[in-house]
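These are the residues of each chain, in order.
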Amino acid sequence: MLTTCTTDWRTSQRRCRQAPHFSSFQPISGAKEIQPRLRLPTMLANGDPLFLTGVTFPSEYHASPETLVKLTVYDAKDKNQESSSLVGSATFSVGELLRAKDERLTLSLRYSDGACAAGTVVVSRLKMGEMEEVDVDHITTDVPSHKCPLVCESASHAGIDRENNPPTGPVFKNPICKVYRFQTEDSKWMLVREQMEECTLSFSVPKQLLSLYIQEDMSRVQDLRELGELSPHWDNLRKEVMTRYGGIISSYQETFAELDKITGRSFKPSCCKAQKSLQFIPINLHTQRMRVTCPKKTDAFYDIVTVGAPAAHFQGFKCGGLQRLLSRYEAEKKSFSTAYQCIYYSPQHTAKAQEVLSTMSLLQPLITSLAEQLLQAAQEHSCPGLRDALKNLSDKTEQFVHTLKDELVKSALLALHAARPGYVSKSQKQNPAQGGQHQGRVLQGAEQSPSPAQGLPGHSPATSTTDGTAMCNNVDGSQNPHPLMRGEGAPLKHQDSIPHHKEYDEEEWDRVWANVAKCLNCVIAMVDKLLEEDNSKQEPVPEQQQQQQQLADVIISHNPGTWKEQLCPLVTRLKECVMEVVEKARRGMTFVLLQEAACSIPQGFLLQQRRDVVFSQALAALACGFVMRLYAGMQDQGFLRQLHLVGLVAQFESLLSTYSEEIGMLEDMEVGISDLQRVLFQITEAQTDDFRDLQPLVCGRRDHFTVEVPLPRLVFQSLPAEIREGKPLRVFPVMFNVGINEQQTIAERFGDITLQERINQRNFETLEAYYKSLSEKLPLECLPSFQTQADLKELLETLGQNVVTKKRKNVEILWIAATICRRLNGIRFTSCKSAKDRTSMSVTLEQCALLRDEHQLSKDFFIRALDCMRREGCRIENVEKNIKCRKYAFNILQLMAFPKCYRPPEGTYGKVDS
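Residues numbered from 1 in each chain as written. Predicted model: local features only at pLDDT ≥ 70, side-chain atom pairs only at ≥ 80, totals over all residues. Heavy atoms only, no water.

Regarding its fold elements, the protein chain presents 25 helices and 19 strands. A separation of at least 24 residues holds for 76% of the contacts in the protein chain among residues at least 6 apart in sequence. When the accessible surface of the protein chain is totalled, it reaches about 39,300 Å², and 49% of it is carbon and sulfur. (Helix = DSSP H or I, 4+ residues; strand = E, 2+ residues; numbered from the N terminus. Contact = heavy atoms within 4.5 Å. Areas by Shrake-Rupley, 256 points an atom, 1.4 Å probe, with all protein chains shown as cover.)

Take a look at the structure:
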């Protein structure tokens, strides 16, 4: 039996200076004493104050009718010092409460001498979910997580009213629950329940990412070793790059080992934000769900994820954040390439090289596996199996060929050939005397020294020697100019922008990857011939099919035997050609990345580490929100359809200022959130229903990650076929920022807020594009319905107007963006520096706004409900978890600069170490 006692106390004193608190639940003799400490709203100078609170019997204590309960009331005279004096006490048994009329007792509080009454306490029994029509103000139920039987246990992951409350998922633990009753406009009562939980992904996702980073960098080092023999200049650069990679690998291994020692923890408190061993862990990551129960209405729930802004606090913000550092780095990289005598590759070409490597690593083993399936089907003489295997093999092989049909691969292979020892350019072969004149000479004119990839879009001629030095492949650059740096002469045409060498066959690469397509055609022709022979019905054969059959006949004449025997040589040759292409392309792309890394020393490596840290925090938060949203929408067919047809929007609300260090945090966060576009989700079937088998898994590499979310078998089988078949699910991250503190006041009056304006404008365009895509692929009737029937298109127009409006602390941008996100079935995130103080103000304001707009919270109760949540709700518990103090880290001067609706109630803030 779950029983909650609600109590109200009317004092007999004329004036009560501060709020009292109840204490001392005292059961019958011999049992353990339970002493919860219940805080009540402050009422100053009130002649007849009414205080209300709720108490839940602890789950570990089995209450019976004989259980005695003692209520002790103290008067907290000084809210800052937390000093108090005894007012009085009263005792009753559970049986007396259950036998009383309407299950309500009126008790007199007695002083310690038992003589005089100090006031009246009314105790009533309230079952969870009941909506009682009682003449009371709002009620807060203070339910610490370790004492509340109404919240889910971390071992079973079950929740209160499990059949009605959607589960939050198997990755959440350590819940804290708060319960309120608020009056509606029609004088009814709603029951509001907050539940805040930690997420195990705070640590598991960063640890998986660290492991993947280490594997990727170790693979990169191995690829560099396998480049083969290079000239002294390039070999020295390779050694230096490998040393840098070794330093990153060592650092990441050390961090992983430190994290592996941590057990039991599932969140990083704000006071540890700059701790080196925890830099990959998101700050103060929590989920919060508000469930609302109203009379004669279906329960509603609203989720939000709170997390500290993804930022590299350990590295600091003296030189800014990622956005500024990356822009500066790209601008300076051309001069770096000249200093290191490298080819400058644009970010687009570097990304393309990484994409080619990633695609090859995925497709090559897949093609090998499909080829084996084809041979297996041939051995079984299965016509349907042969057709299916051939179709899959053809699709993947064509994708493989298309990926490698890129000029970057060809030019990289030529550049690698030119970096071999003893390479002499074509011009030097033909004009040795002229070549001698180039010794030790600085070439001039960018138009006379193009790089091998200069003709490609987005490529910059950073190898021009306007302010650089020519180099040689035999020594340190003192004998012959590098073949990529041409001497004087007529301007080169596009086809001459790639270095020529008569000893290198420039068409070799074209032939190599074209051989893959030819081998595939032979396999297709052979399969068609085998299937035709097996078909008893002879039909007219088209001309193209006749040509393929003639080819197959020639092959068969040399390879008589069973289906497998006839196919095996062709399939083997296909695999060999694929492997040959992979080896050549890997070397070429590795050489591109070698030059990128050489130009990056040391700044590029530091930036990569910073980006890894920020992305790790952002991905942990996103995975947390995705799992929560997935479990909440499991029964919503419209949501599931939207999930696989379009994807979900993930809206990040940021309250950072554009002043001082927080500019750097905002610049980090902008890049981290943008990098989430490289993430896909995939739903899989869990091996068992054990929570350890339901933990999400991360795979991939820096240019592309996939998060696999396992679901229990019965749940998985209920999903749409597209999701069950492993269709990748997209998430569209958008971010809106509006600073609200005193530092933002300084920035708006004396500083620069263009960063905030640019972020909001760019992400508004992304959100608008998402809505357009959604409306084209899905009927808007699939989206959730709300009481406020504002049209989504109108909301977007209003948001767009607010984004371009020059208005100080325009928090309407955040409110409208949050509303649009919920209307779009999106995932809501709220962040500030530590997700503790400003975030708490925003979350509580959003919750009360939802109660007002969607559940008719009485306007007279709005401010009282807002203060109640901020004083007694889950957010003040979050503050205490982080800094061991129930105070928001604000002072009165700071709050004067805050918008009024973001100011906490008196007595809940002060100077603390956050």
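On the surface, Glu765, Glu768, Asp791, Glu794 and Glu797 cluster together into a negatively charged patch. Going through the elements one at a time, helix H19 (754-777) and helix H20 (792-804) are the ones with two or more residues in the negative patch. Tracing the chain through its elements places Glu768 in helix H19. (Patch = residues over 30% accessible without salt bridge, like charges linked within 9 Å, V, L, I, M, F, W, Y side chains within 5 Å. Salt bridge = Lys/Arg side-chain N within 4 Å of Asp/Glu carboxyl O. Lys, Arg positive; Asp, Glu negative; His and termini not counted. Charge placed at Lys NZ, Arg CZ, Asp CG, Glu CD.)

Moving on, we come to the packing of aromatic side chains. The final tally for this structure, using the stated rule, is 13 aromatic pairs. Judged by centre distance (5.2 Å) and plane angle (80 degrees), the ring pair of Tyr245 and Phe605 falls under edge-to-face. Of this pair, Tyr245 sits in helix H3 (residues 232-261) while Phe605 sits in helix H13 (residues 603-632), and the two are 360 residues apart along the sequence. A residue is classified by how much of its surface remains accessible, and Tyr245, at 8% relative accessible area, is buried. Residue Phe605 is classed as buried on the basis of its relative accessible area, which comes to 8%. Of note, Arg629 hangs over the ring of Phe639, and the distance from its end group to the ring centre comes to 4.3 Å. One residue, Arg678, lies across the ring of Phe615, its end atom 4.9 Å from the ring centre. (Phe/Tyr/Trp six-rings, centres within 6.5 Å; stacked < 30°, edge-to-face > 60°. Buried < 20%, exposed > 50% of the residue type's maximum accessible area, 1.4 Å probe, protein only. Lys NZ or Arg CZ within 6 Å of the ring centre and 35° of its normal.)

Further remarks concern the nonpolar core. Counting residues in hydrophobic clusters, the biggest one holds 147 residues, and the most contacted among them are Leu374, Phe400, Leu567, Phe626 and Ile683. If we skip the residues at most four places from it in the chain, Leu374 touches Leu386, Ala389, Leu390, Leu393, Val523, Val527, Leu567 and Val571. Val192, Leu774, Phe786 and Met869 belong to the second largest nonpolar core, which has 59 residues in total. (Core = buried A, V, L, I, M, F, W, Y, C linked by side-chain atoms within 4.5 Å.)

Our focus in this paragraph is the packing of helix H2 (residues 201-225) against H3. At a closest axis distance of 9 Å, the pairing of H2 and H3 adopts a crossing angle of 155 degrees. Considering their axes alone, H2 and H3 lie roughly antiparallel with respect to each other. H3 is crossed by H2, and the crossing has left-handed handedness. Where H2 approaches H3, its residues Phe203, Lys207, Leu210, Ser211, Tyr213, Ile214, Asp217, Met218, Arg220, Val221, Leu224 and Arg225 are matched on the opposing element by Arg238, Val241, Met242, Tyr245, Ile248, Ile249, Tyr252, Gln253, Thr255, Phe256, Leu259 and Asp260. For the contact of H2 with H3, the residue count by class is 15 nonpolar, 3 polar and 6 charged. (Axes fitted to C-alpha atoms, helices over the stretch in contact; angles between N-to-C directions. Parallel < 35°, antiparallel > 145°, perpendicular 65-115°, else oblique. Left-handed = near helix turned anticlockwise from the far one by under 90°. Nonpolar A, V, L, I, M, F, W, Y, C, P; charged D, E, K, R; others polar.)

Our next topic: the layout of surface pockets. In this approach the atoms are scanned with a rolling probe the size of a water molecule, which exposes any empty space left behind. If you add up the space inside the second largest pocket, you get close to 1,200 Å³. Together, 44 residues line the second largest pocket, and Leu326, Glu330, Gln608, Arg611 and Asp675 are the ones closest to its centre. When its residues are assigned to classes, the lining of the second largest pocket shows 18 nonpolar, 11 polar and 15 charged. (1 Å grid on protein atoms, 1.4 Å probe; cavity = no way out; pocket = protein on both sides within 12 Å on 5 of 7 lines; lining within 4 Å. Points joined across faces, edges and corners; volume = space filled by probe spheres on them.)

Relative to the assigned elements, Thr658 resides in the loop between strand S14 (648-654) and helix H15 (661-675). Every residue in contact with Thr658, bar those within four places of it in the chain, is listed here: Ile663, Leu666, Gln744, Ala747, Asp752, Ile753 and Gln756.

If you trace the backbone, Arg730 turns up in strand S18 (residues 729-737). It is 9.2 Å that separates the C-alpha atoms of Arg730 and Arg678, two residues lying 52 residues apart in sequence. Setting aside chain neighbours within four positions, we find Arg730 in contact with Val646, Gly647, Leu648 and Leu680.

Despite not being glycine, Ser187 shows a phi value in the positive range, around 65 degrees. Note on placement: Ser187 falls in the loop between strand S10 (172-183) and strand S11 (189-199). For Ser187, a relative accessible area of 44% puts it in the partly exposed group. If you check the backbone angles, Lys884 has positive phi at about 60 degrees while not being a glycine. Of note, Lys884 is situated in the loop between helix H24 (874-883) and helix H25 (892-896). By relative accessible area, which is 69% here, Lys884 ends up exposed.

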